[in-house]
Amino acid sequence: MTASLGAFVLGTPDPPALADFYRALLGWEEVDRDAEWVRLRSLEQERPSLSFQLEAGHTVPVWPPRPGTQQMQAHLDIQVDDLDVETGRACALGATLEEHQPQDGVRVLRDPHGHLFCLFLPGA
């Protein structure tokens, strides 16, 4: 049997709104949408996809992590060609740039619902 990653799913209190953010950021298309579930996919391939499911009690992680606080369970790494341009575009779409930036060639941001994600340059 061959296994492959089919999707990455983010819990959020508003799946359609968060899907709209990532659709604009990634340029992906919407495959399914209702109030509790939205799935996006690349224009070039069906899988892996990025989905958003209703999680009414979602708690955003603390960054940088500190003992006794909500820890980041996962994050998305998104490769870009121009870090400054894409950081500005992500922020214009509703992301926020984190104050703590741990390395060159990478920018840590939060999406509009508080999930952390990184924009990075090739080789970073």
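Predicted, not measured: the structure shown is a model, and the values here were computed from it.

A. Expanded view of the pattern of salt bridges. Counted under the stated rule, the structure contains ten salt bridges. For R39, the salt bridge identified is with D32, shortest N-O distance 3.7 Å. Its relative accessible area of 8% is what places R39 among the buried residues. Residue D84 is joined to R107 by a salt bridge in which the shortest nitrogen-to-oxygen separation is 3.0 Å. On the criterion of sequence distance, the pair formed by D84 in helix α2 (residues 83–93) and R107 in strand β7 (residues 106–110) is long-range, its members being 23 residues apart. Connected through shared salt-bridge partners, E29, D32, R39, R41 and E46 make up one network.

B. Molecular detail of the sheet that holds β7. Pairing is mixed across the open sheet formed by four strands, whose spatial order is β5-β8-β7-β6. Only two strands of the sheet have a single neighbouring strand rather than two, namely β5 (76–79) and β6 (96–97). Where β6 meets β7, two bridges bridge the pair, whose relative direction is antiparallel. Bridge pairing in β7 links L97 to L109.

C. Representation of the sheet that holds strand β4 (residues 49–54) within the structure. With mixed pairing, the four strands of this open sheet are ordered in space as β1-β4-β3-β2. Of all strands in the sheet, those with a lone pairing partner are β1 (7–12) and β2 (29–34), marking the two edges. Taking each pair of neighbouring strands and ignoring which way they run, the sheet shows an average axis angle of 15°. Looking at chain direction, β2 and strand β3 (residues 37–41) are connected through five bridges and run antiparallel. Within β3, the position partnered with R33 by the bridge is V38. Seen against the sheet, helix α1 (residues 15–26) touches β1, β2, β3 and β4 and runs at an angle of roughly 160° to β4.

D. Highlighting the environment of Q71. Within the secondary structure, Q71 is located in the loop between β4 and β5. Classification of Q71 as partly exposed rests on a relative accessible area of 33%. Each C-alpha atom of the pair Q71 and L121 lies 25 Å from the other, and the pair is 50 residues apart in sequence. Beyond its immediate stretch of four places on either side in the chain, Q71 contacts P61, P65 and R66. Here T69 takes part through its backbone oxygen, which lies 3.1 Å from a polar atom of the side chain of Q71.

About the criteria used
Residues numbered from 1 in each chain as written. Predicted model: local features only at pLDDT ≥ 70, side-chain atom pairs only at ≥ 80, totals over all residues. Heavy atoms only, no water. Salt bridge = Lys/Arg side-chain N within 4 Å of Asp/Glu carboxyl O. Buried < 20%, exposed > 50% of the residue type's maximum accessible area, 1.4 Å probe, protein only. Helix = DSSP H or I, 4+ residues; strand = E, 2+ residues; numbered from the N terminus. Pairing = 2+ DSSP bridges. Axes fitted to C-alpha atoms, helices over the stretch in contact; angles between N-to-C directions. Contact = heavy atoms within 4.5 Å. Polar contact = N/O pair within 3.5 Å; in protein donor to acceptor, adjacent residues only side chain to side chain.

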